Structure formats: C-alpha cells, structure tokens
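# Structure at a glance
Here's the letter readout for the chains.
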Amino acid sequence: EDKVVQSPLSLVVHEGDTVTLNCSYEVTNFRSLLWYKQEKKAPTFLFMLTSSGIEKKSGRLSSILDKKELFSILNITATQTGDSAIYLCAVGYGGSQGNLIFGKGTKLSVKP
Amino acid sequence: SQTIHQWPATLVQPVGSPLSLECTVEGTSNPNLYWYRQAAGRGLQLLFYSVGIGQISSEVPQNLSASRPQDRQFILSSKKLLLSDSGFYLCAWGRQSSGNTIYFGEGSWLTVV
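The rules behind the values
- Residues numbered from 1 in each chain as written.
- Chains lettered and ligands numbered in written order.
- Predicted model: local features only at pLDDT ≥ 70, side-chain atom pairs only at ≥ 80, totals over all residues.
- Heavy atoms only, no water.
- Contact = heavy atoms within 4.5 Å.
- Buried area = accessible area lost by both parts, 1.4 Å probe.
- Salt bridge = Lys/Arg side-chain N within 4 Å of Asp/Glu carboxyl O.
- Polar contact = N/O pair within 3.5 Å; in protein donor to acceptor, adjacent residues only side chain to side chain.
- Helix = DSSP H or I, 4+ residues; strand = E, 2+ residues; numbered from the N terminus.
- Nonpolar A, V, L, I, M, F, W, Y, C, P; charged D, E, K, R; others polar.
- Buried < 20%, exposed > 50% of the residue type's maximum accessible area, 1.4 Å probe, protein only.

## Remarks on the interface of chain A and chain B
Each partner contributes residues to the interface: chain A has 21 residues there, and chain B has 24 residues. Carbon and sulfur atoms supply 53% of the area that chain A and chain B bury against each other, a total of about 1,800 Å² over both sides. Where chain A packs against chain B, one counts zero salt bridges. Where chain A packs against chain B, one counts two residue pairs in polar contact (both at pLDDT 80 or more). When contributions to the side of chain A that touches chain B are tallied by element, the ones reaching two or more residues are strand S4 (30-38), strand S5 (43-49), strand S9 (85-93) and strand S10 (99-102) of chain A. Grouping the constituent residues of the side of chain A that touches chain B by class yields ten nonpolar, eight polar and three charged.

## Regarding the pattern of salt bridges
Residues and elements named next belong to chain A. Summed over all chains, the structure comprises four salt bridges over all chains. A salt bridge links Arg60 to Asp83; its shortest N-O distance comes to 2.8 Å. Here the residue Arg60 occupies a position in the loop between strand S6 (56-58) and strand S7 (61-66), and Asp83 occupies one in the loop between strand S8 (71-76) and S9, the gap between them amounting to 23 residues. Relative accessible area serves as the criterion here: at 24%, Arg60 is assigned to the partly exposed category.

Following this line, the structure appears as structure tokens:
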C-alpha cells in the first residue's frame, strides 16, 4: 500500500532555532514530492521536488529530495513565530490527473 | 492570476439533511479539480477529482457525490448527511501541464449534528 510518513508528528522550538522536518514515502509510480504549509485554513504551496539532490530554497526554507532512499527534508532556519503551522508532505503519482498522497503532517510550534 | 473560491466557509447540518459545497476557479481554463477531506489526526483524503466537464472520478466509496457542470465549477453534494461526514473539506485545482502541484481553496468546515 502506498504511504507517506512524516516525522516528528509535532515539534516545539524557540525563535531562532533551526528545524528539520522529515518525509519518507513508499509510492508506486512516483512523480514528485510537494511540501505545503497549513496555518488556520487552506494549505499553501511551498515546494515541488522531482529530482534528487537539488535543493529548493525560499528565504529561510529549503528542501531536498533523495529518490534512492525515498525521503525528503524541509529545513527552516532562524525560526519565527509566524512559522508555526502544520507542514504537509505529499507525493504525486500516476498520470496527468495530479493525484497526491498526503502525510499526516508535522505540527510546528515556535515559542517567542 | 488564478484564484479559487469555495463556500460556504462553515456550516452546521443535521443528520439526514442534504449538502452542497461549491467551488469555482478563475484565471485559468480546463483545470483539474479536486475535493479533499481532512479529518482530525488524519491526512488529507482525496474524495473526487475531475479532468473535464462531466468527468468525475471517485477515490473513496461514500455517500457523497461530485459534479462539474461548468469548466471551472466543482460541486460536492450529499442527499443525506451522516455524522461521519463532519470534517474540513478542501477544493483544489491544478494544471494538467504542471504535474502534481495543486492549489487549495479556503476550505469549508462541516459539522453534522
């Protein structure tokens, strides 16, 4: 059965800390891995990764994919209270339908 | 730019009552459209997706149904709600040319009482 597993499930840090969120997967016909940030409502898109070893960066956030070991990490440096959210990992598979399997998410709480 | 809207944002419905959630996308044509449900402690679950008008694929058997009467309109319905239908429902869109990246609407909180 296809699955996406995120760890840890929750994490509490202080402002300024660096955090690493993990996502491992077992998905047939893998196409891409995506990260989303979900605050109070809808998830917002962060990154899409399709190739191993190529880091994607956006400000203090960065992510990398390892297709051999079947995992991805999302790093957040110099965390701020506004980074508090649930971070979702999703793996895309199949054809052009854009189907995704989501992990359960990592809840990040950043304390001032 | 593209935008997606869904409504209502929240609703409380009695068991056995009907449901209609609506979603529209602006700024693009022929999008892929999706309905997801997010229940507490569980990941996002794909309910339906559509690659074109009148084309609906169901991922999970349930008492919900979906319809796509227009290119950029996607509707989630039920004739008789169950308590287990409570949850956070998200509409999303994506381009067939951009692989798996999808963008979500604001979400609808449904409480069945």
